[in-house]
Amino acid sequence: MKQDIKIHQRHRDTPGSYDISFLDLHTAQDIAAFHASFPMYKPTPFRQLAALAGALGVQDILVKDESHRFGLNAFKVLGGSYAIGRVVANKLGEDLTKLPFERLISDEIRQKLGSVTFVTATDGNHGRGVAWTANQLKQHSIVFMPRGSAQERVRNIEAEGAQVIVGDCNYDEAVRMANNLAQEKGYILVQDTAWEGYEDIPRWIMQGYMTMALEMEDSLKAMKKKPTHLFLQAGVGSLPAAVAGFFANAYPGKDKPIITIVEPNAVDCIYRSAVADERVLIGGEYFTIMAGLACGEPNTVALKVLMDYADNFISAPDELAAYGMRVLGNPLPGDAHIISGESGAAPFGVVAKILADPKLTALKEALKLHKDSVLMFISTEGDTDRQGYRDIVWDGKYPSA
Ligand SMILES: Cc1ncc(COP(=O)(O)O)c(C=O)c1O
């Protein structure tokens, strides 16, 4: 492996103090009711990989499979659709509870709103969710993407009627381009990351992700399981902060699962921020196969949640995301088959390797993993770049050492 697994641990005696009430159960239930009004809504599978748990010496491995979300192959649409719902509700002076899907996409609402253009920047999945929602509303969308974006991801966004602009820039620069255009033209920026002065819409996006966390919690209850560990991948940190905040609220105090954040070595801004104890920005050119996690500037709100509620921050090599894709795609007898893309499989790959490799026992102990551990993962995307998926899973690109 070209680079190693790096870990930073935050040991604290008192629970976090940052206000995470915006990620509580009641808010999650209201938002889930909004999403449940979508005809394509259905909880995604929460897979219990019992055979693998036995083989790796833990009690349970639970994986939420977001490749089944709205036919869009990733969880991200939950955030964009809820935020756009809130924007529309605010513009019309209505309560979102009065705007279920059918009414939201109706001609009545289209006429009241007039013509609106939503703008965003994306590594792929968020932009597809925004473009999809704009398309449902018969509105316009413009989506900026960074250099090197996979053709399939570009085409999927264009297929929703969006104008896609692939810049010669990294992700964070694409965000600035989207913001500049929105400011200049009076378009609505629906960005899944926050900075000083732009925090409302990103908060709604984070809240939208709670529908997925609530589904997990409902499944845990039905299975009568209490999670001991939650592993979450981070790009700008909106996803892991939303899910971490939700579970910190659902399991307060000592019941909170141990929360571990995973990022690629190439661009690990949350890990570096945790080490420095302040927001660290990574600029310039970087490359990782985990396109959805290729972000250099943490969401300001999400970072505060993670600093206060996450226990471990891991920076990991691309090879481990590839390993996770192969293990999930080739299950042991009796376990479900999960098609997981690079960003989806990263935390799972890291942990599966730590459990399987005796040379990594120190990390296993640092993460407090043992035979009674109940591990939760989110496979946040399926094969959103099918060529890249096959290069790895069929042709063995990025082999483990
Ligand atoms: C598939 C996938 N997983 C995880 C993430 C990380 O989410 P965030 O940037 O909110 O941390 C992304 C972001 O685009 C993604 O596309």
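The structure displayed is predicted, hence computed values, not measured ones. (Residues numbered from 1 in each chain as written. Predicted model: local features only at pLDDT ≥ 70, side-chain atom pairs only at ≥ 80, totals over all residues. Heavy atoms only, no water.)

**Q** What is the right way to read the site of the ligand from this model?
**A** Residues in contact with the ligand amount to 16 residues; listed here are only the nearest, N125, G235, G237, L239 and T380. Between the ligand and the protein, one listed contact pairs an oxygen atom with a backbone N or O atom of L239 at 2.8 Å. Calculation on the ligand without its partners gives an accessible area of 390 Å², and the protein chains cover 98% of this total. It is helix α10 (residues 238-250) that provides the largest number of residues to the shell around the ligand, a total of 3 residues. When grouped by side-chain class, the residues that make up the shell around the ligand number 6 nonpolar, 8 polar and 2 charged. (Near = heavy atom within 4 Å. Polar contact = N/O pair within 3.5 Å; in protein donor to acceptor, adjacent residues only side chain to side chain. Areas by Shrake-Rupley, 256 points an atom, 1.4 Å probe, with all protein chains shown as cover. Helix = DSSP H or I, 4+ residues; strand = E, 2+ residues; numbered from the N terminus. Nonpolar A, V, L, I, M, F, W, Y, C, P; charged D, E, K, R; others polar.)

**Q** I keep staring at the sheet that holds strand β9 (residues 258-264) and nothing clicks. Help me out?
**A** Picture the strands of a sheet paired through backbone hydrogen bonds; they go either parallel or antiparallel. Taken together, 7 strands build an open sheet; the order of strands is β1-β10-β9-β8-β11-β3-β2 and the sheet is mixed. Two strands in the sheet have a free side with no partner beyond their single neighbour: β1 (6-9) and β2 (46-48). Taking each pair of neighbouring strands and ignoring which way they run, the sheet shows an average axis angle of 20°. For β9 and strand β10 (residues 312-316), the ladder comprises 5 bridges, and the chain directions are parallel. Within β10, the position partnered with V262 by the bridge is I314. Each of β3 (60-65), β8 (229-233), β9, β10 and β11 (374-379) is contacted by helix α14 (residues 342-356), which is oriented at about 150° to β11, the strand it contacts most. (Pairing = 2+ DSSP bridges. Axes fitted to C-alpha atoms, helices over the stretch in contact; angles between N-to-C directions. Contact = heavy atoms within 4.5 Å.)

**Q** Please explain the pairing of strand β4 (residues 117-121) as it appears in this structure.
**A** The two faces of the sheet receive side chains in turn, since in a regular strand these alternate between them. Burial of β4 is extensive: 5 of the 5 residues sit out of reach of the surface. Of the two faces of β4, the one lined by T117, V119 and A121 and the one lined by F118 and T120 are each fully buried. Note: β4 against strand β5 (residues 140-145), 5 bridges, orientation parallel. Counterpart to V119 in the pairing with β5 is I142. Each parallel crossover has a hand, and the one from β4 via helix α6 (residues 125-136) to β5 is right-handed. Bridge count between β4 and strand β7 (residues 188-189): 2 bridges; the pairing is parallel. (Buried < 20%, exposed > 50% of the residue type's maximum accessible area, 1.4 Å probe, protein only. Right-handed = clockwise from strand over helix to strand, strands pointing away.)

**Q** Can you help me understand the environment of G186 in this one?
**A** Locating G186 in the fold gives a position in the loop between α8 (171-185) and β7. Using a relative accessible area of 62% as the deciding quantity, one classes G186 as exposed. Between the alpha carbons of G186 and K225 there is a distance of 48 Å; along the sequence they are 39 residues apart.

**Q** Hey, could you run me through the nonpolar core in this one?
**A** Most often, soluble globular proteins keep nonpolar side chains buried together rather than apart. Of all hydrophobic cores here, the largest spans 98 residues; its most connected members are F118, V190, I201, V243, F247 and I261. The contact partners of V190, leaving out residues within four places of it in the chain, are A83, I84, F118, V119, T120, H126, V130, Y198, I201 and I205. The next biggest cluster of nonpolar side chains, apart from the first, holds 40 residues, and it includes I289, A316, L320 and L369. (Core = buried A, V, L, I, M, F, W, Y, C linked by side-chain atoms within 4.5 Å.)

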